[in-house]
Each structure stands twice: as structure tokens, then as C-alpha cells.
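This is what each chain is made of:
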Amino acid sequence: MKHESFLKAIDGGFAWELVEAYERQPREAPEEVNRGAEMIAERLRARGLPVMMHQPRLFLSLPKSAAVELDGKRLFAKPPAFSKPAPHGLTAPLTYVPSSKREYARYGAPPAIDVAGKIIVTEGISLPMVLSEMEALGALGVIAVNPGHRIHWGTASTIWGTPEMEDVSRLPKIPSVAVNREDGVPLIAAAKAGKTATLFSELEVGWFPQNLPVVDIPGAIEPDRFVFLHGHYDSWKEGVGDNGTGNACMLEIARVLWEKRSELRRSVRLAWWPAHSTGRYGGSSWYLDAHAFDLLDRCVFQMNCDSPGCKDATSYENITMMPEAVKAVTAIVERVTGQTPKAKRPNRSSDYSFYNLGVSGAFMASSMMPKELVDQRGWHHVGGCGGNIAWHTEDDRIDICDKGVLEKDIALYLEAATTFANAEILPLDWRDGAAEIRAAIESYAALSTGVDLSDVVKAIGDVAADVAKLHAKIDAKAIAPRAANDALIALSRALVPLNYARGGRFHQDAALTLPPVPALSVAEDIAGLPDDLKGFARTNLLRGKNETLAALRAAKGAIAAALG
């Protein structure tokens with residue numbers, strides 16, 4: 001192990017004590033959430049760590065109760081956060097929309113399905129896009145049939161974090177509820193028969209003060225730069241596996257790093273987020289808003305910690321990492337777990353609020369149950385709790401967690417944090433990042449769009465060549481470490497937004513996963529559009545072309561400065 005002295009200092013008992021405490025502490029209602037943050041801060045301060053407790057006012061949607069009445073029978077349901085309340089009931093005919101017919105073009109004509117004036121019944125867990133699409137088609141409500149016995153809590157909003165003024169109109173205007181599979185089967189049959197049902201839902205929406213604890217552990221050589229480790233601590237009910245174990249993992253990492261801070265080159269910052277669930281990543285996006293230039297000037301790498309330490313989660317075969325971090329993160333996972341992971345492109349989830357700012361990163365979940373075991377148990381896919389279907393349900397309690405797996409995950413995240421904090425030159429290989437961007441640009445340029453992208457193809461080719469020269473100089477130690485790191489960070493600021501974001505640097509894109517180089521991705525749609533819409537799409541592409549060229553110009557300038 002590269003950082004064996006750090007790993008030897010791990011005390012799994014300190015982390016596990018918080019897991020046990022969180023088994024008895026719900027962290028969903030705002031006052032419960034704040035108590036959960038205090039529990040983290042109390043344990044940190046008892047070990048001598050300074051804690052900054054922020055308390056922003058955040059916009060939350062708090063699900064209360066829901067039901068569906070069909071043929072005189074009342075079925076239990078759950079409302080997703082941010083869906084429109086229907087406390088007095090919404091009565092309308094049902095219609096069934098199978099997932100195969102939910103294809104909704106990003107541009108152009110909507111699918112040829114008649115849903116106006118009806119309540120949709122469809123399959124799925126968390127359906128924010130479906131809700132917005134069906135709303136646009138005139139539907140009055142949506143009932144999501146979950147695949148298992150338990151109903152999973154979720155959210156119905158496509159807005160990331162607290163809405164801006166321009167976003168408020170995009171908040172859902174129709175109610176939505178979720179039912180389990182047993183109740184969903186007769187609902188689907190009733191929808192196919194055109195029966196009428198009544199949907200009820202209650203939610204509390206408003207602004208609430210929420211605690212947000214942050215710890216800064218100063219580096220001994222470059223304290224002005226930091227690695228950022230973060231994860232949400234609010235949960236649905238107790239949420240022990242999502243994300244009590246993650247909070248405990250970070251707690252122990254903070255303790256170890258503080259104890260051994262004289263051995264850190266750079267600083268490490270840890271933040272525990274509220275409003276992940278009921279605020280659609282409202283805590284992390286607020287923190288960016290309030291500390292944008294600190295992050296922009298000082299943050300070298302970010303890592304998210306969500307749902308580690310769950311029972312039977314022994315697989316590390318798929319790990320989220322940006323392409324420029326693949327070599328380093330793969331080596332870290334191999335050192336700690338003995339497994340070689342496949343790199344998974346980050347999607348738009350898990351408090352990845354920093355795309356637009358240009359911070360490279362890795363990790364969302366870490367350990368997961370092997371797919372074979374999930375299939376053997378007949379479980380459906382979920383995104384957290386190590387793959388356990390207790391995720392986002394009342395069953396997410398301590399019995400799905402495992403102290404041994406948690407200790408392995410603590411070691412993994414600690415090794416990652418110390419690797420990026422202590423490397424003289426940051427282990428980011430922008431040859432790989434540029435290659436992914438180049439492949440996307442070339443694929444868009446090869447399409448029939450009516451917009452010439454040859455200058456963008458040339459520009460990314462030039463940047464890729466310059467990146468190769470930069471890394472050759474770095475490998476040959478022909479560039480001073482500080483200058484090399486300046487260039488690698490500047491490349492992150494230019495190329496991460498190019499590869500992952502569509503909006504402005506200090507804004508948040510919708511909570512939708514975007515393809516590589518999203519500024520140009522409309523190129524994939526132009527050929528299939530009606531002629532009267534193609535001109536609008538080409539305008540999108542022309543503007544995206546300019547955004548892309550500007551980012552590549554910034555990248556080229558950063559390299560030129562480093563090469564002198």
C-alpha cells in the first residue's frame with residue numbers, strides 16, 4: 001500500500017458507533033436532519049477536529065402520505081418529493097403507458113399516445129422525466145408501479161438543487177405517487193380497462209434551515225489546495241445503508257487524516273450534505289454557490305461517498321471515475337481490494353454538483369453486491385445500499401450493513417484521498433480525458449447536420465497533441481511540479497464542463513445525465529427532425545460549437561503557459 005501508515009490507523013469501531021447511533025436517528029424531517037449533523041460534529045469535536053457548521057436555508061419538499069382509491073379499495077402509496085400535492089384527491093380515468101412507449105424525443109414531435117385528461121399508470125422507481133413528459137402531454141397525474149414489495153422513496157423534479165427563478169415554472173404541476181408491485185398489477189389491469197381511480201398525496205414544501213458540517217484538514221506543504229471528499233447525511237427515515245455508513249466512513253477518514261495531518265502534502269476538506277433527498281442535491285449545490293471561487297481556485301479533485309459498507313457488497317468491478325482519473329483510481333482500487341474495476345462514466349446523481357465548475361472526480365458508490373448474487377435473489381436493480389433492495393425503503397436498517405465491508409471501504413476512500421493529497425504531481429492524465437472528448441466530437445462531426453464542425457475537430461486534435469507534449473514533459477520532470485499542477489487543474493476547469501455540462505459555470509444543469517460533449521449532442525437529433533425544426537437545432541449546434549471552441553482555446557492556453 002502506498003499509504004500504509006494511514007491505513008494502519010483505521011479504527012472501524014469509531015465509524016461503526018455512528019452507524020449504530022444512526023439506526024436510532026431518523027434523518028428525513030428537517031429537525032431530524034439537523035440532529036444528525038450535530039451527531040457528526042459532536043464526534044469530530046470530541047477528537048479535537050474543528051468543525052464549521054453552516055446553516056443555509058434550503059428549499060425542500062417533504063413527502064407525507066399518499067394513496068390510490070380503486071373500486072372502493074384504498075391502496076397504500078408514497079408521493080415522490082416535489083410532486084404536486086393532491087390532498088383532496090384527483091379523480092380521473094386511468095390509462096396504461098408501458099415503458100416501451102415512454103420514448104420521448106428531446107426535440108420534435110412527442111410520442112403518439114393519448115394521455116390528456118388521464119392518470120397514467122406505468123412501471124418504474126424514480127420517474128422525474130416521465131412526470132414532466134406526461135405533464136407536457138396533458139396527463140393529470142402519474143402512478144408509478146415499483147418492481148418489488150416495498151415502495152422506494154424518490155423525487156419527481158428534474159431541477160438540480162434549489163430552483164432559480166427561471167426554473168420555478170419547471171417544478172411538477174401534476175401529482176405523482178408510487179405503489180408496490182402487488183397493488184400495481186390490478187392498477188395496470190384497471191388502466192387497460194379504462195377504469196377511474198382517485199389519487200391522494202400530501203407533501204410539505206418550504207424553506208428550512210439545515211445544518212451542513214465541514215472539516216478542513218490542512219496540508220503541510222501545499223495547504224492552499226485541497227482534495228474534496230463529500231457525501232449526504234440526510235436520508236429517507238433512518239437510511240442506515242444510504243447514507244449512514246457513508247457518513248461513518250467519512251467520519252473515520254477525517255479522524256485519521258487529522259491525527260496524521262503532518263504527513264499530508266495538500267489539504268483535505270470533508271463535507272456532509274443535507275437536502276440530498278428532499279432537496280434534490282440542495283446542500284451540495286448551495287455549498288458551491290456560497291464557495292464557488294474557493295472551489296474554483298483551490299479544489300484539485302472531488303470524491304463522493306454514498307452507500308459503502310453494506311452486507312454482501314464485495315464487488316468493486318464498476319467504479320465511477322472521469323477518464324483523466326482512470327489510471328490513478330484503477331490503481332487505488334487494485335491496491336486496496338485486489339480487484340480491477342471497469343471505469344463507469346459519472347452520471348448526473350450523488351451530489352455531483354461540480355461539473356459546471358470544472359472539478360474532476362471519482363466515486364459515487366464503491367462496494368456493490370455481485371450481479372450474480374442480486375440475480376440469484378431475484379432482486380431488481382437499485383442504485384444504493386450496495387445493491388440491496390432495502391434502498392430508499394423502511395428496510396434500510398443496520399441489519400443490511402456490515403462492519404467488515406465498511407472497514408474495506410474506509411481503506412479505499414482513505415487511500416484515494418491520500419493519493420490525491422500527497423502526489424507531488426496530481427495523478428490526472430489528460431491524454432485520456434482529451435481522447436474521450438475527441439471521440440465524441442469526431443462522432444458528431446461525422447453526422448449530416450448542415451453545420452461544419454471541421455474546425456472543432458481540428459481544435460480538439462491540436463489540444464490532444466499539446467496534452468501529449470505536456471505529459472511527456474511532466475514525465476521527464478522538465479516542468480516544475482507546481483507549474484505542472486497548475487496546468488492539470490486549468491485543463492480540468494476547461495475540459496470537465498465541456499465533457500459533462502451544458503449550462504454556465506455558476507449554474508446547474510437539469511438533473512439529467514448528458515452525453516459526452518453535450519454542447520454538440522444536438523447533432524444526433526437533427527437528421528430525424530421535421531424540416532421546420534432543423535433550423536432551430538442548427539442554431540443550438542452553432543452556439544454549442546462556439547462554446548466548445550472557447551473551452552478548447554482555454555485548454556490550449558493553459559498548456560502553452562505550462563510549456564513556456
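Here the structure is shown first, and the text comes after it.
Throughout what follows, the structure given in this document is the object of discussion. (Residues numbered from 1 in each chain as written. Predicted model: local features only at pLDDT ≥ 70, side-chain atom pairs only at ≥ 80, totals over all residues. Heavy atoms only, no water.)

Thoughts on the sheet that holds strand S1 (residues 52–54)
Phase 1 of the analysis: The mixed open sheet is built from six strands, whose spatial order is S1-S9-S11-S10-S12-S15. Only two strands of the sheet have a single partner each, and these edge strands are S1 and strand S15 (361–362).
Phase 2 of the analysis: Direction of pairing for S1 relative to strand S9 (residues 212–217): antiparallel, over a ladder of three bridges. The residue of S9 that forms the bridge with methionine 52 is valine 214.
Phase 3 of the analysis: Packing of helix H3 (residues 30–46) onto the sheet brings it into contact with S1, S9 and strand S11 (266–273), and relative to S1 it is tilted by some 170°. (Pairing = 2+ DSSP bridges. Helix = DSSP H or I, 4+ residues; strand = E, 2+ residues; numbered from the N terminus. Contact = heavy atoms within 4.5 Å. Axes fitted to C-alpha atoms, helices over the stretch in contact; angles between N-to-C directions.)

Things to note about the packing of helix H9 (residues 326–337) against helix H11 (residues 403–422)
Two quantities define a packed helix pair, namely the angle between the helix axes and the distance between the axes.
Phase 1 of the analysis: At a minimum axis distance of 9 Å, the contact between H9 and H11 shows a crossing angle of 140°. Considered as vectors, H9 and H11 are oriented oblique to each other. In this structure, the crossing between H9 and H11 has a hand that is right-handed. Touching Ala328, Val329, Ile332, Val333, Arg335, Val336 and Thr337 of H9 are Lys408, Ala411, Leu412, Glu415, Ala416, Thr419 and Phe420, all from H11.
Phase 2 of the analysis: When the residues that make up the contact of H9 with H11 are grouped by side-chain class, the tally is nine nonpolar, two polar and three charged. (Parallel < 35°, antiparallel > 145°, perpendicular 65-115°, else oblique. Left-handed = near helix turned anticlockwise from the far one by under 90°. Nonpolar A, V, L, I, M, F, W, Y, C, P; charged D, E, K, R; others polar.)

Focus: the pairing of strand S8 (residues 196–209)
Phase 1 of the analysis: Bridge analysis of strand S2 (residues 57–70) against S8 gives twelve bridges, and the strand direction is antiparallel. Looking across to S8, one finds that arginine 57 is bridged to proline 209.
Phase 2 of the analysis: Pairing of strand S4 (residues 86–96) with S8 involves five bridges; the strand directions are antiparallel. By the bridge assignment for S8, proline 93 is matched with threonine 196.

Considering the sheet that holds S2
Phase 1 of the analysis: Ordered by their spatial adjacency, seven strands build an open sheet running S3-S2-S8-S4-S5-S6-S7, and the pairing between neighbours is mixed. In the strand order of this sheet, the two ends are held by strand S3 (73–77) and strand S7 (176–179), each with one partner. Direction aside, the axes of adjacent strands within the sheet are offset by 35° on average.

Considering empty space enclosed by the protein
Phase 1 of the analysis: By the definition in use, this model includes three cavities of 30 Å³ or more.
Phase 2 of the analysis: Estimates place the volume of the largest cavity at around 120 Å³.
Phase 3 of the analysis: Forming the walls of the largest cavity are 17 residues, and the residues nearest its centre are Pro80, Ile125, Ser126, Leu127 and Ser176.
Phase 4 of the analysis: Here the lining of the largest cavity gets three residues from one element, more than from any other, and that element is S7.
Phase 5 of the analysis: Its residues placed into classes, the lining of the largest cavity shows eleven nonpolar, five polar and one charged.
Phase 6 of the analysis: In this structure, the second largest cavity spans a volume of roughly 50 Å³.
Phase 7 of the analysis: Considering the residues around the second largest cavity, the lining is formed by Arg345, Pro346, Asn347, Arg348, Tyr355, Tyr500, Leu512, Thr513 and Leu514. (1 Å grid on protein atoms, 1.4 Å probe; cavity = no way out; pocket = protein on both sides within 12 Å on 5 of 7 lines; lining within 4 Å. Points joined across faces, edges and corners; volume = space filled by probe spheres on them.)

Concerning the packing of aromatic side chains
Phase 1 of the analysis: The full count for this structure, using the stated rule, is 15 aromatic pairs.
Phase 2 of the analysis: Here the aromatic residues Phe226, Phe228, Trp273, Trp286, Tyr287 and Phe354 are joined through ring pairs into a cluster of three or more.
Phase 3 of the analysis: The ring of tryptophan 153 is capped by lysine 78, whose NZ or CZ atom sits 3.5 Å from the centre of that ring.
Phase 4 of the analysis: Taking NZ or CZ as reference, arginine 348 lies 3.7 Å from the ring centre of tryptophan 160, over its face. (Phe/Tyr/Trp six-rings, centres within 6.5 Å; stacked < 30°, edge-to-face > 60°. Lys NZ or Arg CZ within 6 Å of the ring centre and 35° of its normal.)

What to know about the pattern of salt bridges
Phase 1 of the analysis: Counting across every chain of the model gives 39 salt bridges.
Phase 2 of the analysis: Put simply, arginine 43 and glutamate 17 hold a salt bridge, and the shortest N to O gap is 2.7 Å. Here the residue arginine 43 occupies a position in helix H3, and glutamate 17 occupies one in helix H2 (residues 12–22), the gap between them amounting to 26 residues.
Phase 3 of the analysis: Overall, the relative accessible area of 16% leaves arginine 43 in the buried class.
Phase 4 of the analysis: Across the pair arginine 35 and glutamate 42 runs a salt bridge whose closest N-O atoms are separated by 2.8 Å.
Phase 5 of the analysis: In this structure arginine 35 comes out as partly exposed when scored by relative accessible area, which is 35%.
Phase 6 of the analysis: Taken together, the shared-partner salt bridges connect Glu222, Asp224, Arg265, Arg266 and Arg482 into one network. (Salt bridge = Lys/Arg side-chain N within 4 Å of Asp/Glu carboxyl O. Buried < 20%, exposed > 50% of the residue type's maximum accessible area, 1.4 Å probe, protein only.)

Observations concerning the packing of helix H13 (residues 454–475) against helix H15 (residues 531–563)
Phase 1 of the analysis: For the pair H13 and H15, the least separation of the axes is 10 Å and the interaxial angle reads 25°. In terms of axis orientation, H13 runs roughly parallel to H15. Read as a crossing pair, H13 and H15 show a hand that is left-handed. Listed contacts from H15 to Asp455, Val456, Ala459, Ile460, Asp462, Val463, Asp466, Val467, Lys469, Leu470 and Lys473 of H13 are Lys545, Thr548, Leu549, Leu552, Ala555, Lys556, Ile559, Ala562 and Leu563.

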